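Structure at a glance
If you want the building blocks of each chain, they are given just below.
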Amino acid sequence: MSELKPLRIKNLSLPEYGLDQLDWERVERAVAEAVAGPGRSWFLTTLNPDGSPHTTGFGHVWLDGAVYFTTDPGVRKARNLVADPRCTVAAPIPGWDVTFDGEAHRVTDPAVVERIAAVYAGIGWPAVAEGDVITAPFSAPSAGPGPWQVFRVEVLSAVALSMEEPHGATKWWFR
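Described in the following lines is the structure provided in the data block. (Residues numbered from 1 in each chain as written. Predicted model: local features only at pLDDT ≥ 70, side-chain atom pairs only at ≥ 80, totals over all residues. Heavy atoms only, no water.)

Some points on the nonpolar core
Counting residues in each nonpolar core, the largest one holds 46 residues, and the members touching the most others are Trp42, Ile93, Val98, Phe100 and Ile134. When residues in this core are grouped by element, the largest group, 7 residues, is from strand E10 (residues 148–162). In contact with phenylalanine 100, other than residues within four places in its own chain, are Trp24, Val31, Trp42, Trp62, Val67, Cys87, Thr88, Val89, Ala91, Val155, Ser157 and Ala158. (Core = buried A, V, L, I, M, F, W, Y, C linked by side-chain atoms within 4.5 Å. Buried < 20%, exposed > 50% of the residue type's maximum accessible area, 1.4 Å probe, protein only. Helix = DSSP H or I, 4+ residues; strand = E, 2+ residues; numbered from the N terminus. Contact = heavy atoms within 4.5 Å.)

What to know about helix H2 (residues 76–83)
Among the residues making up H2, those that are buried are Lys77, Ala78, Asn80 and Leu81. The buried residues of H2 occupy an angular sector of 165° when the element is viewed end-on, so they sit on one face. Exposed side chains of H2 directed beyond 90 degrees from the buried face belong to Val82 and Ala83. Residues of H2 that are buried in the fold lie against strand E2 (42–47), strand E3 (53–58), strand E5 (66–71), strand E6 (86–93), strand E7 (96–107) and E10. (Arc of directions from axis to C-beta.)

A closer look at the pairing of strand E11 (residues 168–173)
In regular strands, side chains alternate between the two faces of the sheet. Counting buried residues in E11 gives 5 out of 6 residues, a clear majority hidden from the surface. Bridge count between strand E1 (residues 8–11) and E11: 4 bridges; the pairing is antiparallel. Residue pairing across strands places asparagine 11 opposite threonine 170, the latter belonging to E11. Judged from the 6 bridges that link them, E10 and E11 form a sheet pairing that is antiparallel. Bridging from a neighbouring strand, serine 162 pairs with glycine 168 of E11. Here E10 folds back onto E11, and the loop between the two strands holds 5 residues. (Pairing = 2+ DSSP bridges.)

Overview of the side chain of lysine 77
Mapped onto the elements of the fold, lysine 77 is located in helix H2. For the buried residue lysine 77, which engages in no salt bridge, the nearest side chain bearing the opposite charge is aspartate 72, 9.6 Å off. Excluding its chain neighbours within four sequence positions, the residues that come into contact with lysine 77 are Leu44, Thr46, His54, Thr56, Gly57, Phe58, Phe69, Thr70 and Thr71. (Lys, Arg positive; Asp, Glu negative; His and termini not counted. Salt bridge = Lys/Arg side-chain N within 4 Å of Asp/Glu carboxyl O.)

Things to note about the pattern of salt bridges
Two side chains with opposite charge may pair up if their charged atoms get near one another. What the rule picks out here adds up to 4 salt bridges. With its nearest N and O atoms 2.7 Å apart, the salt bridge here joins arginine 86 to aspartate 84. A residue is classified by how much of its surface remains accessible, and aspartate 84, at 18% relative accessible area, is buried. With a closest N to O distance of 3.1 Å, aspartate 132 and arginine 106 form a salt bridge. You can see aspartate 132 sitting in the loop between strand E8 (128–130) and strand E9 (133–135) and its partner arginine 106 sitting in strand E7, a full 26 residues away along the chain. By relative accessible area, which is 26% here, aspartate 132 ends up partly exposed. When its relative accessible area of 32% is taken as the criterion, arginine 106 is described as partly exposed.

Observations regarding the side chain of threonine 46
Checked against the element boundaries, threonine 46 lands in strand E2. A polar side-chain atom of threonine 46 sits 2.9 Å from a polar atom in the side chain of asparagine 80. In contact with threonine 46, not counting residues within four places along its chain, are Ser52, Pro53, His54, Lys77, Asn80, Leu81, Arg86 and Cys87. (Polar contact = N/O pair within 3.5 Å; in protein donor to acceptor, adjacent residues only side chain to side chain.)

Concerning the pairing of E2
Along E2, the buried face is formed by Trp42, Leu44 and Thr46; none of Phe43, Thr45 and Leu47, which line the opposite face, is buried. Sheet topology note: the E2/E3 ladder contains 6 bridges and is antiparallel. By the bridge assignment, threonine 45 is partnered in E3 with threonine 55. Remark: 5 residues form the turn of the hairpin made by E2 and E3, two consecutive strands paired antiparallel; glycine 51 in that turn has positive phi of roughly 90°. The pairing of E2 with E6 spans 3 bridges and is classified as antiparallel.

Written as structure tokens, this is what we have:
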């Protein structure tokens, strides 16, 4: 999987339910399999200048224990992240509700941008890396015009609720 290894773990299930803490590797496998695509938006919450939350759906890539996404530099989420990188990602995936708290920063390494463009192309979006940005003939209607910058969410903690056996709720800290 990834190099994302929990440093601390807390079982969030109430003791009267008798549920064990969830296994991070099982959760991460489910996250990695939940590729972006139609009807599979995740949700990113950033902080507006006044401190209020701004939430938007976005297409994502899970790679090496981090969430990657593209955005026009002029849209609200990009402007918010430049001012304050703290964010939360809500990832409703089959069998799970997962949230990630972290910090998002722009990716400027052309090799990483190329990897992300290749993953997007592999799932049906004809993305192409051009230096430190991605271009494509189209994107989501809310994405703004290309080229798009790539951002990486460094996951600092995660919470997962299992909707299938074994049920439970667990929080992991990675830093």
